[in-house]
Amino acid sequence: MTGEEPEGCVCVLDDDADVRGSIGSLLRASGFEVALFATTEAFLAAEWPEQARCLVLDIRLAGESGLDFQERLAAEGIAVPVILITGHGDIPMTVRAMKAGAVDFLPKPFEEEQLLAAVRTGLAADRARRSVHADNAALRLAFATLTPREREVMALVVTGLMNKQVAARLDLSEITVKIHRGNVMRKMAAQSLADLVRMAEQLGVRDESITRYRN
């Protein structure tokens, strides 16, 4: 494997030093950045740069089980794709893991390529999540630059109302609405009304009291 591997860090959490080291060596040899952890506490205490990551997690840990830890991560809002590994898996475990959002559930012994494929999937999923989060953050920043009146106009325009209808609802002239609408399109960097509608849906700012595209 080469630089074509997804960028990011693969975390390995296993209290068995031999297994932890073996998986770490495989991943490093395959071109991945790796961080090894023996306990859940060590993983939670780690500080992370802004990069994609995924977690290879053994189900049988001293103390808290891997399944319990996976569910705790989700409950605490710690978004990290999880690949569960175990030498003692069964169908109920698999179902529980997948319901909690695991990328994969690998019974030991597993093929090296199975783990590598799961890791690639996990990192790709985290990169996609981070990209969406960054896009949403940029969208919120752009929306924050709108004046209160521009926000009102945007909320109505994206329902499909024409300028004259927006003007009537806000007790403005049609020319004034056109100016506000132009400012909204420019500040939000919207290329079209459809683009602005998509942004409004992401932001949750469409006027829900109006049926979209009503004449």
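Below or above, wherever it landed, is the structure these notes cover. Please read these numbers as outputs of a predicted model, since none were measured by experiment.

**What about the overall build of the chain?**
- Secondary structure summary: the chain contains nine helices and five strands in total.
- For the chain, the N- to C-terminal ordering of α and β elements is β-α-β-α-β-α-β-α-β-α-α-α-α-α.
- Over its C-alpha trace the chain gives a radius of gyration of 24 Å, far above what one expects of a compact globule, namely 17 Å for 215 residues.
- The principal-axis extent of the C-alpha atoms belonging to the chain is close to 75 × 35 × 30 Å.

**What to know about the packing of helix α5 (residues 112–144) against helix α9 (residues 193–203)**
- Closest axis-to-axis distance for the α5/α9 pair is 10 Å, and the angle between their directions is 100°. Overall, the two elements α5 and α9 adopt an arrangement that is roughly perpendicular. Contacts from N136, L139, R140 and F143 of α5 reach α9 at M199, Q202 and L203.
- The residue inventory of the contact of α5 with α9, partitioned by class, reads four nonpolar, two polar and one charged.

**What about the pairing of strand β4 (residues 82–86)?**
- Counting buried residues along β4, five of its five residues qualify, which places the element largely inside the surrounding structure.
- Burial along β4 is two-sided: V82, L84 and T86 and I83 and I85, pointing in opposite directions, are all buried.
- Pairing of strand β3 (residues 53–58) with β4, which is carried by four bridges, proceeds in the parallel orientation. When the bridges of β4 are listed, V56 appears paired with I83.
- Crossover handedness for the path β3 to helix α3 (residues 66–75) to β4: right-handed.
- Bridge count for β4 against strand β5 (residues 104–107) is four bridges, and the pairing is parallel. When the sheet's bridge partners are listed, I85 is paired in β5 with L106.

**A look at unusual backbone geometry**
- The omega angle of the peptide bond from K108 to P109 is -5°, so this bond is cis rather than trans.
- Counting through the fold element by element, P109 comes out in the loop between β5 and α5.
- The backbone phi angle of D171 is positive, close to 60°, even though this residue is not glycine.

Here is what the cut-offs are and how they apply
- Residues numbered from 1 in each chain as written.
- Predicted model: local features only at pLDDT ≥ 70, side-chain atom pairs only at ≥ 80, totals over all residues.
- Heavy atoms only, no water.
- Helix = DSSP H or I, 4+ residues; strand = E, 2+ residues; numbered from the N terminus.
- Rg over C-alpha atoms; globule rule 2.2 N^0.38 Å.
- Axes fitted to C-alpha atoms, helices over the stretch in contact; angles between N-to-C directions.
- Parallel < 35°, antiparallel > 145°, perpendicular 65-115°, else oblique.
- Contact = heavy atoms within 4.5 Å.
- Nonpolar A, V, L, I, M, F, W, Y, C, P; charged D, E, K, R; others polar.
- Buried < 20%, exposed > 50% of the residue type's maximum accessible area, 1.4 Å probe, protein only.
- Pairing = 2+ DSSP bridges.
- Right-handed = clockwise from strand over helix to strand, strands pointing away.

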